[in-house]
2 protein chains.
Amino acid sequence: MQHKFRSLCPIASTLDLLGDKWSLVIVRDMLIREKKTFKDFSSSDEKIATGILASRLKLLESFGLITKRKLPTNKKENIYLLTEKGIDLAPIIMEITLWGDKHMRAYNPKLISHKEVKADKLGAINFVQKSYRQFVAQIVD
Amino acid sequence: MQHKFRSLCPIASTLDLLGDKWSLVIVRDMLIREKKTFKDFSSSDEKIATGILASRLKLLESFGLITKRKLPTNKKENIYLLTEKGIDLAPIIMEITLWGDKHMRAYNPKLISHKEVKADKLGAINFVQKSYRQFVAQIVD
DNA sequence: TATTTTTACTTCTAAATTGAAAGCAAAGAT
DNA sequence: ATCTTTGCTTTCAATTTAGAAGTAAAAATA
């Protein structure tokens, strides 16, 4: 089944896939918090409904941003991991973090700050991507 | 009336405001295409419904990302302009452009490419922000 | 000046999506 | 052997969206 795109604009097309309140929160959990199972994602602070979580994971997988696999040691648990395409979202995630930290605090005063990102954006992007690749490598034998 | 936020995470909070298919498309039209009236926005390629456009403009204004004003020369037309807070979205917009250009083309082959952004991201961000500030200055006496 | 057109919406309704809760089957732990 | 956990699916009400139509005032045109 193929997606419908609103236009030929890369921004609009990316938003056709990721423009909702949950997809990038799931990617954040994977990339920054190294979450990997359905349970991990459904127990995040934001309390995503399981039906929405299931549909988002399916969509992200269908677009190749994540993979779904089982480990030989556990036949029940599914392990979701970001692909390189998904890891490539790190710059977007970091820019959103910076913008939110700078401009949303006025409306959500107790917002958590990410000092490393503010201090060294490119460093933080590289660090997170590198760490995540190691995390994947350690899981996928 | 105040917004509800899902958590204390800057990413989730930013997505509480901008996490939908339309808000950043409107910001794109303002920042990159220098659109400024209700008509301008409603005539974009993506065909936003007027009801949604009206509600998004109201929301963006309520969070201080845009301003709404009239020119002394026209008592009907409303002029919507990005504030500095809105102009500050340029890095997010550019990163989304780059990601989309790189990864969505497989699904939307005729995607338009933005060579300047690919060639010089920081330059493109600065250029767009500077140009937009000039555009605003020229409108607001 | 009178009429037509434009602008900026609002309203309406159907369709789609979301959120919350409950249910369920298989695997794993006790 | 039973209880618990995991990974979902299902259900249904509530909210949001998409699309069309309507409206009032301003502006352009005849």
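How each quantity is defined
Residues numbered from 1 in each chain as written. Chains lettered and ligands numbered in written order. Predicted model: local features only at pLDDT ≥ 70, side-chain atom pairs only at ≥ 80, totals over all residues. Heavy atoms only, no water. Contact = heavy atoms within 4.5 Å. Buried area = accessible area lost by both parts, 1.4 Å probe. Salt bridge = Lys/Arg side-chain N within 4 Å of Asp/Glu carboxyl O. Core = buried A, V, L, I, M, F, W, Y, C linked by side-chain atoms within 4.5 Å. Buried < 20%, exposed > 50% of the residue type's maximum accessible area, 1.4 Å probe, protein only. Near = heavy atom within 4 Å. Polar contact = N/O pair within 3.5 Å; in protein donor to acceptor, adjacent residues only side chain to side chain. Helix = DSSP H or I, 4+ residues; strand = E, 2+ residues; numbered from the N terminus. Nonpolar A, V, L, I, M, F, W, Y, C, P; charged D, E, K, R; others polar.

(A) The arrangement of the interface of chain B and chain A in detail. Contacts between the two partners involve 50 residues from chain B and, on the opposite side, 50 residues from chain A. The contact between chain B and chain A buries some 4600 Å² in all, and 68% of this surface belongs to carbon and sulfur atoms. The largest share of the area that chain B buries against chain A comes from B:Arg6, B:Ile11 and B:Trp99, three residues that together contribute 15% of it. Scanning the region where chain B abuts chain A turns up 2 salt bridges.

(B) A look at the nonpolar core. By size, the foremost hydrophobic cluster in this structure holds 89 residues, and its most contacted members are A:Leu65, A:Tyr132, B:Leu65 and B:Tyr132. In contact with A:Tyr132, other than residues within four places in its own chain, are A:Met30, A:Leu31, A:Glu34, A:Tyr80, A:Leu81, A:Leu82 and A:Ile87.

(C) Just the protein's contact with DNA strand C, in detail. Of all residues adjacent to DNA strand C, which total 19 residues, the nearest are A:Lys75, B:Thr50, B:Lys76, B:Asn78 and B:Tyr80. In DNA strand C, atoms within 4 Å of the protein come 67% from sugar and phosphate. The separation between a phosphate oxygen of DNA strand C and a polar side-chain atom of A:Arg56 is 2.9 Å. Between DNA strand C and B:Lys68, the relevant distance is 3.1 Å, taken from a phosphate oxygen to a side-chain nitrogen or oxygen of the residue. Those elements that provide at least two residues to the surface near DNA strand C are helix H4 (50–62) of chain A together with helix H3 (38–42) and helix H4 (50–62) of chain B. When grouped by side-chain class, the residues that make up the surface near DNA strand C number 6 nonpolar, 5 polar and 8 charged.

(D) The protein's contact with DNA strand D, seen in detail. DNA strand D sits among 19 residues. The nearest are A:Lys76, A:Asn78, A:Tyr80, B:Ile52 and B:Lys75. For DNA strand D, the fraction of protein-proximal atoms (within 4 Å) that sit in sugar or phosphate groups is 67%. Within the contact set of DNA strand D, a base oxygen lies 2.3 Å away from a side-chain nitrogen or oxygen of A:Lys76. Contact distances for DNA strand D include 2.7 Å between a phosphate oxygen and a side-chain N or O atom of A:Asn78.

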